[in-house]
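# Structural characterization, general
Chain residues, written in single-letter form:
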Amino acid sequence: MNTSTTSNIDQALTTTRAIRRRLDLDRPVPRAVIDECLQVARYAPSGANRQAWQFLAIDDPATKLAVAELYRHAFDQYQARLTIGSELDVPAEARRVLDSARFLAHHLHRVPVLVLVCQDGRPPLAAGHPRLSGYYGSIYPAIWSFLLAAHARGLGSSLTTVHLAYEREVAAVLGIPHERITQIALLPVGFRTGRTHQPAARAELTGRVHWNAWKEDGTDDDRG
Ligand SMILES: Cc1cc2nc3c(=O)[nH]c(=O)nc-3n(C[C@H](O)[C@H](O)[C@H](O)COP(=O)(O)O)c2cc1C
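The residue count restarts for each chain, going from 1 along the sequence in the order it is written. Thresholds applied to this predicted model are a pLDDT of at least 70 for local features of residues and 80 or more for the giving and counting of side-chain atom pairs; totals over whole chains, interfaces and linings are not thresholded and use all residues. To obtain the side-chain values, all non-hydrogen atoms of the structure were used and water was disregarded.

### Considering the pattern of salt bridges
A side chain with one charge may pair with a side chain of the opposite charge, provided their charged atoms come close. The working definition used for a salt bridge is a side-chain nitrogen of Lys or Arg within 4 Å of a carboxyl oxygen of Asp or Glu. Under the defined criterion, the tally for this structure stands at six salt bridges. One salt bridge in this structure joins Asp26 and Arg110, with 3.2 Å as the shortest N-O distance. Of this pair, Asp26 sits in the loop between helix H1 (3–15) and helix H2 (31–41) while Arg110 is found in the loop between helix H4 (92–107) and strand S2 (113–120), placing the two residues 84 residues apart along the sequence. Here Glu167 and Arg122 are joined by a salt bridge, their closest N and O atoms 3.1 Å apart. Taken together, the residues span a long stretch of sequence, with Glu167 in helix H7 (residues 167–174) and Arg122 in the loop between S2 and helix H5 (130–137) at a distance of 45 residues. Exposure is judged per residue with a 1.4 Å probe applied to protein chains only, and the accessible area is read against the type maximum: over 50% gives exposed, under 20% gives buried, and values in between give partly exposed. Judged by relative accessible area, which is 11%, Glu167 ranks as buried. Here Arg122 falls in the partly exposed class, since its relative accessible area comes to 32%. Every helix listed is a DSSP run of H or I at least four residues long, and every strand listed is a run of E at least two residues long, numbered separately from the N terminus.

As structure tokens, this is what we get:
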């Protein structure tokens, strides 16, 4: 792989952000563009190469509204739990995300396309079940591929899961057979507006990289 390919890939991986406020709510997204992103997503890895993904794309206004109402209920409940006491008790970065997420929750019905990513089967229920990681890990790479492909086409989105508090209700709206299909994430997709993205702000890896054995003090070097 040459240097410019590597740097293009690194650039996409470091600048694909959660876009909520900067979605163009008035510019339709052609179905063909969504199809292109889905075509990229189907190359993602999955456990035993099962490829058990299912994608339900919604561009019908009434259906979007019905899903968005459930999303907003779920968000309001989430927000109420998070901000017991005062919203000022929430750390600044979490508050920034919360403000942006609130905007999305209140405008979701206007986002051009909602892509609901689902997977065949139901997840193992027990916490720590050895198949749990494989179940969710078999769908998140496809979600991330979709988001990267969308980003490369001038689109924006944000991975969202808050509506899952109302998974059954959303299943009823969309005719999804809840007992054998699991909803994983809802991706609101629109064209991006405004400036192009800088790399995301992320914590350094200091103390989080361990070579050869776990070092509780966070030293990342096993040489002494
Ligand atoms: C598993 C998962 C669930 C998420 N759920 C939501 C959600 O329900 N609503 C929302 O607005 N954002 C959600 N996000 C988006 C995160 O808030 C976002 O990825 C994070 O704040 C980083 O944003 P940035 O890339 O713009 O820095 C979720 C992200 C992940 C990975």
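What follows picks up the thread again.
### Observations regarding the site of the ligand
The near set for a molecule or strand comprises every residue that places at least one heavy atom within 4 Å of it. Looking at the ligand, there are 13 residues lining it, with Arg17, Arg20, Leu159, Val162 and Arg202 nearest. Between Arg17 and the ligand, the recorded distance is 2.9 Å, taken from a side-chain N or O atom to an oxygen atom. Along the lines of polarity and charge, the residues of the shell around the ligand split into seven nonpolar, three polar and three charged. Two N or O atoms count as a polar contact when they lie within 3.5 Å, although within protein this holds only if one can serve as hydrogen donor and the other as acceptor, and sequence-adjacent residues are included solely when both atoms are side-chain atoms. Polar here means any residue outside two lists: the nonpolar Ala, Val, Leu, Ile, Met, Phe, Trp, Tyr, Cys and Pro, and the charged Asp, Glu, Lys and Arg; Gly therefore counts as polar.

### A look at the nonpolar core
Counting residues in hydrophobic clusters, the biggest one holds 27 residues, and the most contacted among them are Tyr71 and Leu108. Contributing elements (two or more residues each) for this core: helix H3 (61–82), H4, S2, H7 and strand S4 (181–191). Two residues qualify as a contact provided that any one of their heavy atoms is within 4.5 Å of a heavy atom in the partner residue. Ignoring anything within four residues of it in the chain, the contact list for Tyr71 reads Leu104, Ala105, Leu108, Thr160, Val162, His163 and Leu186. In terms of nonpolar packing, the next biggest core, distinct from the first, is built from 25 residues, Val29, Leu38, Val113 and Ile143 among them. What makes a nonpolar core is a set of buried Ala, Val, Leu, Ile, Met, Phe, Trp, Tyr and Cys residues whose side-chain atoms join them at distances within 4.5 Å.

### Focus on unusual backbone geometry
Positive phi values are uncommon outside glycine, yet Ala48 reaches one of about 55°. Here Ala48 shows up in the loop between H2 and strand S1 (53–58).

### Things to note about H1
Structurally, the α-helix is built with 3.6 residues per turn, so residues lying three or four positions apart point the same way. For a helix, the expected span equals 1.5 Å multiplied by the number of residues minus one. Helix length check: H1, at 13 residues, gives a terminal C-alpha distance of 18 Å against a target of 18 Å (1.5 Å per residue), a fit within 8%. Capping of H1 at its N-terminal end is provided by Asn2; its side-chain oxygen lies 3.1 Å from the backbone amide nitrogen of Ser4.

### Topic: the confidence of the model for the protein
pLDDT is defined as a per-residue confidence score from the predictor, taking values between 0 and 100. Taken over all residues, the pLDDT of the protein has a mean of 93, while the share at 70 or more is 95%. Looking over the protein, one finds the lowest element-wise mean pLDDT in H1, namely 92, and the highest in S2, namely 99.

### Things to note about the sheet that holds strand S3 (residues 155–156)
Strand pairing is defined by DSSP finding a minimum of two bridges between the two strands. The four strands are arranged S1-S2-S4-S3 in an open sheet whose pairing can be described as antiparallel. Strands with a single pairing partner mark the edges of an open sheet, and in this sheet they are S1 and S3. Pairing of S2 with S4 involves eight bridges; the strand directions are antiparallel. What sits directly across from Gln119, in S4, is Thr182. Packing of H7 onto the sheet brings it into contact with S1, S2 and S4, and relative to S4 it is tilted by some 75°. Here an axis means a line fitted to C-alpha atoms, over the contact stretch when the element is a helix, while the angle between two N-to-C directions is reported on a 0 to 180 degree scale.

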